[in-house]
Amino acid sequence: MSDLTRLTAAETAEAVASGKTSAVEVAEAHLARIDAVDEKVHAFLHVDREGALTAARAVDDKRAKGETLGPLAGVPLALKDVFTTRGIPTTVGSKILEGWIPPYDATLTRRLKEAGVVILGKTNMDEFAMGSSTENSAYGPTGNPWDLTRIPGGSGGGSSAALASYQAPLAIGTDTGGSIRQPAAVTGTVGVKPTYGAVSRYGLVAFSSSLDQGGPCARTVLDAALLHEVIAGHDALDSTSIDAPVPAVVEAAKLGNVKGMRIGVVKEFSGEGYQPGVEQRFREAVELLRELGAEVVEISCPSFTYALPAYYLIAPSEASSNLARFDAMRYGLRVGDDATHSAEEVTALTRAAGFGPEVKRRIMLGTYALSSGYYDAYYGQAQKVRTLITQDFARAFDQVDVLVSPTTPTTAFPIGERADDPMAMYLADLCTIPSNLAGNAAMSLPCGLAPEDGLPVGLQIIAPTMADDRLYRVGSAVEAAFTARWGHPLLEEAPSL
Amino acid sequence: MPGITREEVAHLARLSRLELKDEELDHFAEQLDAIIDAVARVGEIAADDIPPTSHPLPLTNVMRPDEVRPSLTPQEALAGAPASEEQRFKVPQILGED
């Protein structure tokens, strides 16, 4: 077959199942692609060549025995380095876990393996998923395949860059404030944050437990849906896992029709701070939805303007508690254990050496927001904003089936531009954060290139809790119409590396 | 809302078990001051009659039967430990000499 790395996940699975190629050939083609381009991109922190080929051989053996293969059997995947993988390093982009080999698989990892998905390796990310550019990784930044001097988004920049550079047709991300959707937007790929509780967090190294959600990343809407169905579903090992059937996302992606749907444009996500080319492409996407038969109305969600400040109190507060487990006693780095320092001093020295600046900032910010005397004014108020945002969504979804907005206010910015300006960096998640606070589902997919810089723009689709299928129904219709208009998928316009 | 002082940041670092250098404290104090100034906006809207939301799902006390199940062996559980001895995590001195 011609270039196996250019196939979609659905095409790859079909080619493996029908015997046009083998899972081993597919894995080898992707490993060769990684060898050829990842020195430039730096999407991977660890490539598990042997594990990938072993998993691929198992799929080929199953097929040879005539066993039925799952819908993604033999398809390679890039796994964000925030999910534990038994026997394979898991760093979370941090020096504090450098060299740590987890003794167990995350539920998501286990589900991928059981489905015959071939895990190629672990992808780069902002340390502990804190960031919007992957520059906060302790192992160096990742380049955006559209322009290697620009950020691939974050925190899941390794996953989005792996997709956009054809190193894998599927990837996994986690979305706490936009870490799946924003990287998808700036790399011209598809990313979905499922409803909170849809995908198990067991074995997901915690950042902010009430916000963290694993989800699928892909180059097409259908591929994301196929991956969504593999990873979602109830898990008794995660007490916040939803015990209900997974919405029929693959069926919705295959349907791809918006006729008669009511779609709301979020009024608050426009104007100052939004790049003109982003707004232009977004307006064109809205016009396209009208042409496809949707009824489009403007919806105001006034409390969304307070989502960013609320998020930067809630997420750091939870992080300050979650990251207390990195105490240098049971796993990970230990510094200063030379018989002159107490256990407490060793903990403080280790955390100072092992955490990067953004993690330290957020731990201290969270500690501040939760401290007596400030709790009511900060964490308490942020929790009330969270209620208002949830109410705004409820009112909106009384009137419309889905909401749409740009995924990010700007296209990919240059590496280094916002690195030491936390507030500027935080603005990248302006449009994505409300869905994390309320827990509902959202997707980003490409809607064109900004005229001023030729870089990808993301369209965000937002659906109610447990109505994830609507994302795929709308996303698939938009994708088909844009692909027909452009004459090819957007990614084909990316420069070859 | 008043800004945050360098002394307060030093106190936060101690509470957070982060042994920071002086120049780090200076830098973080400046940045945290700007961040806290921005996030203080949450005080503008939320009123007394709004209940707080701590979690997106209405879940309380998810229980499971307390049954013995297979789990990690001591060797596996200790495999990532910085130091271990006699099937236990070995830690630096916690209490003083006396």
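Residue numbers restart at each chain and count upward from 1, following the sequence in its written direction. Going through the entries in the order they are written, you letter the chains from A and number the ligands from 1. Confidence filtering applies because this is a predicted model: local features only for residues at pLDDT of at least 70, side-chain atom pairs given and counted only at 80 or more, and all residues used for totals across whole chains, interfaces and linings. Think of the side-chain values as coming from all heavy atoms in the structure, minus any hydrogens and water.

- An unreviewed UniProt entry lists chain B under the name Aspartyl/glutamyl-tRNA(Asn/Gln) amidotransferase subunit C, from Wenjunlia tyrosinilytica.
- Per UniProt, chain B carries the Subunit (unreviewed entry) text "Heterotrimer of A, B and C subunits."
- If you open the UniProt record of chain B and go to Sequence similarities (unreviewed entry), you find "Belongs to the GatC family." UniProt positions are given in the numbering used here, feature names are shortened, and annotations may be inferred rather than shown by experiment.

- Under an unreviewed UniProt entry, chain A has the name Glutamyl-tRNA(Gln) amidotransferase subunit A and belongs to Wenjunlia tyrosinilytica.
- Listed under Subunit (unreviewed entry) in UniProt, the entry text for chain A is "Heterotrimer of A, B and C subunits."
- Heading Sequence similarities (unreviewed entry) of the UniProt record for chain A holds this comment: "Belongs to the amidase family. GatA subfamily."

1. Description of the interface of chain B and chain A
- Whether two residues are in contact is decided by their heavy atoms, any of which lying within 4.5 Å being enough. Tallying the contact residues gives 54 residues for chain B and 61 residues for chain A.
- Using a 1.4 Å probe, buried area is obtained as the accessible area two parts lose upon being combined, added over both of them. Of the roughly 4900 Å² buried at the junction of chain B and chain A (both faces included), carbon and sulfur atoms supply 69%.
- A per-residue breakdown of the area chain B buries against chain A is headed by B:Arg17, B:Val42 and B:Pro92, which together make up 12% of the total.
- Here, a salt bridge means any Lys or Arg side-chain nitrogen found within 4 Å of an Asp or Glu carboxyl oxygen. Put simply, A:Arg86 and B:Glu76 hold a salt bridge, and the shortest N to O gap is 3.1 Å.
- By the criterion applied in these results, polar contacts are pairs of N or O atoms within 3.5 Å in which, for protein atoms, one can donate a hydrogen and the other can accept it, and in which residues neighboring in sequence qualify only through two side-chain atoms. In this structure, the connection of chain B to chain A is made through 21 residue pairs in polar contact (both at pLDDT 80 or more).
- Elements represented by at least two residues in the side of chain B that touches chain A include exactly helix H1 (6-15) and helix H2 (22-39) of chain B.
- Strands are runs of DSSP state E lasting at least two residues, helices are runs of H or I lasting at least four, and both sets are numbered from the N terminus onward. Looking at the side of chain B that touches chain A, the element that brings in the most residues is H2(B), giving 10 residues.

2. Focus: helix H4 (residues 107-114) of chain A
Residues and elements named next belong to chain A.
- Three or more residues of H4 are buried, namely Thr 107, Leu 108, Thr 109 and Leu 112.
- Among the structural elements, strand S2 (76-80), strand S3 (118-123), strand S4 (170-174) and helix H7 (221-231) are those in contact with the buried residues of H4.
- One or two steps after H4, the chain reaches Gly 116, where phi turns positive at roughly 80°. Relative accessibility thresholds used throughout: buried, under 20% of the residue-type maximum; exposed, over 50%; partly exposed, between the two (1.4 Å probe, protein chains only).

3. Structural notes on the UniProt feature "active site" (unreviewed entry) in chain A
All names here are of chain A.
- UniProt records the feature "active site" (unreviewed entry) for Lys 80, Ser 155 and Ser 179 in the present numbering. Maximum C-alpha separation among the annotated residues is 10.8 Å over a sequence range of 100 residues, consistent with a single clustered spot.
- Since its relative accessible area comes to 0%, Ser 155 is described here as buried.
- Within polar-contact distance, the side chain of Ser 155 engages the side chain of Lys 80 at 2.7 Å.
- With respect to the secondary-structure elements, Ser 179 resides in the loop between S4 and helix H6 (181-187).
- Residue Ser 179 is classed as buried on the basis of its relative accessible area, which comes to 5%.
- At a separation of 2.9 Å, a polar atom in the side chain of Ser 179 contacts the side chain of Ser 155.

4. Focus: a nonpolar patch on the surface
Residues and elements named next belong to chain B.
- Exposure above 30% relative accessible area and the lack of any salt bridge qualify a residue for a patch; like charges then connect within 9 Å, and the nonpolar side chains Val, Leu, Ile, Met, Phe, Trp and Tyr within 5 Å. Using the Shrake-Rupley algorithm and a 1.4 Å probe, accessible areas are obtained, with residue cover drawn only from the displayed protein chains. Taken together, Phe 89, Val 91, Ile 94 and Leu 95 make up a surface patch of nonpolar side chains, about 410 Å² in accessible area.
- With respect to the helices and strands, the residue Leu 95 is situated in the segment after strand S2 (88-89).
- We classify Leu 95 as exposed; its relative accessible area is 68%.

5. So, the UniProt feature "domain: Amidase" (unreviewed entry) in chain A
- The UniProt feature table records "domain: Amidase" (unreviewed entry) at residues 25-471 of chain A.
- Its end C-alpha atoms 33 Å apart, residues 25-471 of chain A is made of 38% helix and 14% strand.

6. Let's talk about the nonpolar core
All names here are of chain A.
- Nonpolar core, defined: a set of buried Ala, Val, Leu, Ile, Met, Phe, Trp, Tyr and Cys residues in which side-chain atoms within 4.5 Å join the residues together. Of all hydrophobic cores here, the largest spans 136 residues; its most connected members are Leu 112, Phe 128 and Tyr 472.
- The element best represented in this core is helix H10 (residues 307-322), accounting for nine residues.
- Among residues more than four places away in sequence, those in contact with Phe 128 are Val 92, Ser 94, Ile 96, Val 205, Phe 207, Leu 323, Phe 326, Phe 355 and Val 359.
- The next biggest cluster of nonpolar side chains, apart from the first, holds 28 residues, and it includes Val 24, Leu 69, Ala 78 and Val 118.

7. Considerations on unusual backbone geometry
- Cis geometry marks the peptide bond from A:Gly154 to A:Ser155, where omega comes out at 10°.
- Inspection of the secondary structure puts A:Ser155 in the loop between S3 and helix H5 (157-164).
- The phi torsion at A:Ala328 lies on the positive side, around 70°, for a residue other than glycine.
- Looking at the element boundaries, A:Ala328 is found in the loop between H10 and helix H11 (343-354).
- Judged by its relative accessible area of 1%, A:Ala328 is buried.
- In this model, B:Arg17 sits at a positive phi of 55°, which is unusual for a non-glycine residue.

8. Some details on the packing of aromatic side chains
All names here are of chain A.
- Pairing of aromatic side chains requires ring centres within 6.5 Å, counting the rings of Phe and Tyr and the six-membered ring of Trp. Pairs whose planes differ by under 30 degrees are stacked, by over 60 edge-to-face, and all others tilted. Taken as a whole and judged by the stated rule, the model has 16 aromatic pairs over all chains.
- Ring geometry for Phe 128 versus Phe 355: centroids 5.8 Å apart, planes at 75°, classification edge-to-face. Separated by 227 residues along the polypeptide, Phe 128 in the loop between S3 and H5 and Phe 355 in the loop between H11 and helix H12 (357-370) bring together distant segments of the chain. No difference in accessibility class separates Phe 128 from Phe 355, as the two residues are buried.
- Measuring from ring centre to ring centre gives 3.7 Å for Tyr 312 and Tyr 426, while their planes differ by 10°; the resulting arrangement is stacked. With Tyr 312 in helix H10 and Tyr 426 in helix H14 (residues 422-426), this pair connects stretches of sequence that are 114 residues apart. Per residue, the accessibility class of Tyr 312 equals that of Tyr 426, and both read buried.
- Among the aromatic residues, those joined into a ring-pair cluster are Trp 100, Phe 128, Phe 326, Tyr 331 and Phe 355.
- Arg 6 extends its terminal NZ or CZ atom over the ring of Tyr 166, reaching a point 3.8 Å from the ring centre. Put simply, a charge is over a ring when the Lys NZ or the Arg CZ is close to the ring centre, within 6 Å, and near the line of the ring normal, within 35 degrees.

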